[in-house]
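# Architecture at a glance
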Amino acid sequence: MIPVSNAQEKYLKKRRRDCRLIWLFRILIFILFLALWEISTRKGWIDSFIFSSPSQAISTFINMWKENALYLHIGVTLFETLVSFCLVFFIGISIAVLLWSCSHLSQILEPYLVILNSLPKSALAPLLIVWLGTSVKTIIVAGISVAIFGSVINLYTCFKETSPDKIKLIYTLHGSRFQALTKVVLPSSIPQILANMKVNIGLCLVGVIIGEFIGSRQGLGYLIIYGTQTFKLDWVIMAIVVLCVVAMLLYAILNRIEKWYLKKI
């Protein structure tokens, strides 16, 4: 092993200390927020019926967990999100490869992709309910609709920005377009593909929740909309917190995969 100099060791210690301080302040801010929220409801500064409180949300979580009701809702939302994410990944790469392979097709379809990407996806959800009915399939399509167009645009842009010199080298050696794609374009785009996946997992979750708002009787989105309609705001706060935790875990998994790959190369 290469010996570490004193300057390097001091720098590494400073980095570790800075990281610990950052995490400490993050936790302190979160604890202070919860404490202020709880105190405000107990002192009557805010209405606990409207704003709920951390203790009420925790109590609701424990009760639903004991009744095994929460497993179902979390599992349904997680399943719909992962299926949407996988379909977005494969469909997005397939369409981006097709556009890269055929420049005329990309020029024809590019304005439509931009328009569809800028369209508010919540406006599509009622139409999906009418077209497909209230089923898991509809929720999955809603999740796909939020992420797919931006994914295609980002991946296609990434493919186009691949080093032209490397592609020319493949052609100079009498390689085919398929070989240029598999040997140069896709391998060099993997970091951007992984970064795109981290964005897509959140977008798919948003799309699934939008779909569950309108046409579902299960899932965290259903808990949120049902709790709002019946003024069970403890349910709403609890479901939002669980949703945040699920989103953080999904993002953390993809972030780990990205870091593992970057270290490997």
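Residues numbered from 1 in each chain as written. Predicted model: local features only at pLDDT ≥ 70, side-chain atom pairs only at ≥ 80, totals over all residues. Heavy atoms only, no water.

Turning next to the overall build of the protein. On a plain count of helices and strands, the protein comes out with eleven helices and zero strands. Ordering the α and β elements of the protein from the N terminus gives α-α-α-α-α-α-α-α-α-α-α. Compactness check: the protein gives a C-alpha radius of gyration of 24 Å against a globular reference of 18 Å for 265 residues, more than 25% above the reference. Relative to its 265 residues, the protein shows a buried fraction of 36%. Partitioning the contacts of the protein with sequence separation of at least 6, the portion at a separation of at least 24 is 70%. Considering the protein, the positive charge centre built from 25 side chains and the negative charge centre built from 12 side chains are found 9 Å apart. (Helix = DSSP H or I, 4+ residues; strand = E, 2+ residues; numbered from the N terminus. Rg over C-alpha atoms; globule rule 2.2 N^0.38 Å. Buried < 20%, exposed > 50% of the residue type's maximum accessible area, 1.4 Å probe, protein only. Contact = heavy atoms within 4.5 Å. Lys, Arg positive; Asp, Glu negative; His and termini not counted. Charge placed at Lys NZ, Arg CZ, Asp CG, Glu CD.)

We now examine the packing of aromatic side chains. Applying the stated criterion to the full structure yields six aromatic pairs. Where Phe 33 meets Trp 37, the ring centres are 5.8 Å apart and the plane angle is 45°; that geometry is what we call tilted. Residue Phe 33 and its partner Trp 37 are located together in helix α1 (residues 6-43), separated by four residues, close to a single helical turn. The class for Trp 37 is buried, based on a relative accessible area of 16%. (Phe/Tyr/Trp six-rings, centres within 6.5 Å; stacked < 30°, edge-to-face > 60°.)

Turning next to the pattern of salt bridges. Tallied over the full model, the rule gives three salt bridges. The partner of Glu 38 in a salt bridge is Arg 42, with the nearest N and O atoms 2.7 Å apart. Linking Glu 38 with Arg 42, this pair stays in helix α1, spanning four residues, or about one helical turn. In this structure Glu 38 comes out as buried when scored by relative accessible area, which is 14%. Its relative accessible area of 65% is what places Arg 42 among the exposed residues. (Salt bridge = Lys/Arg side-chain N within 4 Å of Asp/Glu carboxyl O.)

To continue, consider the packing of helix α6 (residues 125-132) against helix α7 (residues 136-160). Two numbers describe how α6 lies on α7: the axes approach to 10 Å, and their chain directions differ by 145°. Judged by the sense of rotation from one axis to the other, the crossing of α6 with α7 is right-handed. Listed contacts from α7 to Leu 128, Ile 129 and Leu 132 of α6 are Thr 138, Val 141 and Ala 142. (Axes fitted to C-alpha atoms, helices over the stretch in contact; angles between N-to-C directions. Left-handed = near helix turned anticlockwise from the far one by under 90°.)

Let us look at the confidence of the model for the protein. Summarising the model, the protein shows a mean pLDDT of 86, and 98% of its residues fall at 70 or more. In the model of the protein, α6 stands out as the element of lowest mean pLDDT, 79, in contrast to helix α4 (residues 69-101), which has the highest, 91. (pLDDT = per-residue confidence, 0-100.)

Once that is clear, we can look at the side chain of Thr 81. With respect to the helices and strands, the residue Thr 81 is situated in helix α4. Excluding anything up to four places from it in sequence, Thr 81 contacts Ile 201, Cys 204, Leu 205, Val 208 and Leu 250.

This part takes up the nonpolar core. Core analysis: the largest hydrophobic core is formed by 46 residues, its most contacted members being Trp 100, Leu 220 and Leu 223. Counting residues per element, the ones that place at least two in this core are α4, α7, α8 (164-172), α9 (177-215), α10 (220-229) and α11 (233-264). Of all the elements, α9 adds the most residues to this core, at eleven residues. Look past the residues within four positions of Leu 220 in its chain and what remains in contact with it is His 73, Ile 74, Thr 77, Ile 209, Glu 212, Ala 239, Val 242 and Leu 243. (Core = buried A, V, L, I, M, F, W, Y, C linked by side-chain atoms within 4.5 Å.)

Further remarks concern the environment of Leu 99. Note that Leu 99 resides in helix α4. On the basis of relative accessible area, Leu 99 is assigned to the buried category, the value being 3%. A C-alpha to C-alpha distance of 54 Å links Leu 99 and Glu 38, two positions 61 residues apart in sequence. When near neighbours in sequence (up to four residues on either side) are disregarded, Leu 99 contacts Leu 105, Ser 106, Leu 109, Leu 113, Val 152 and Tyr 156.

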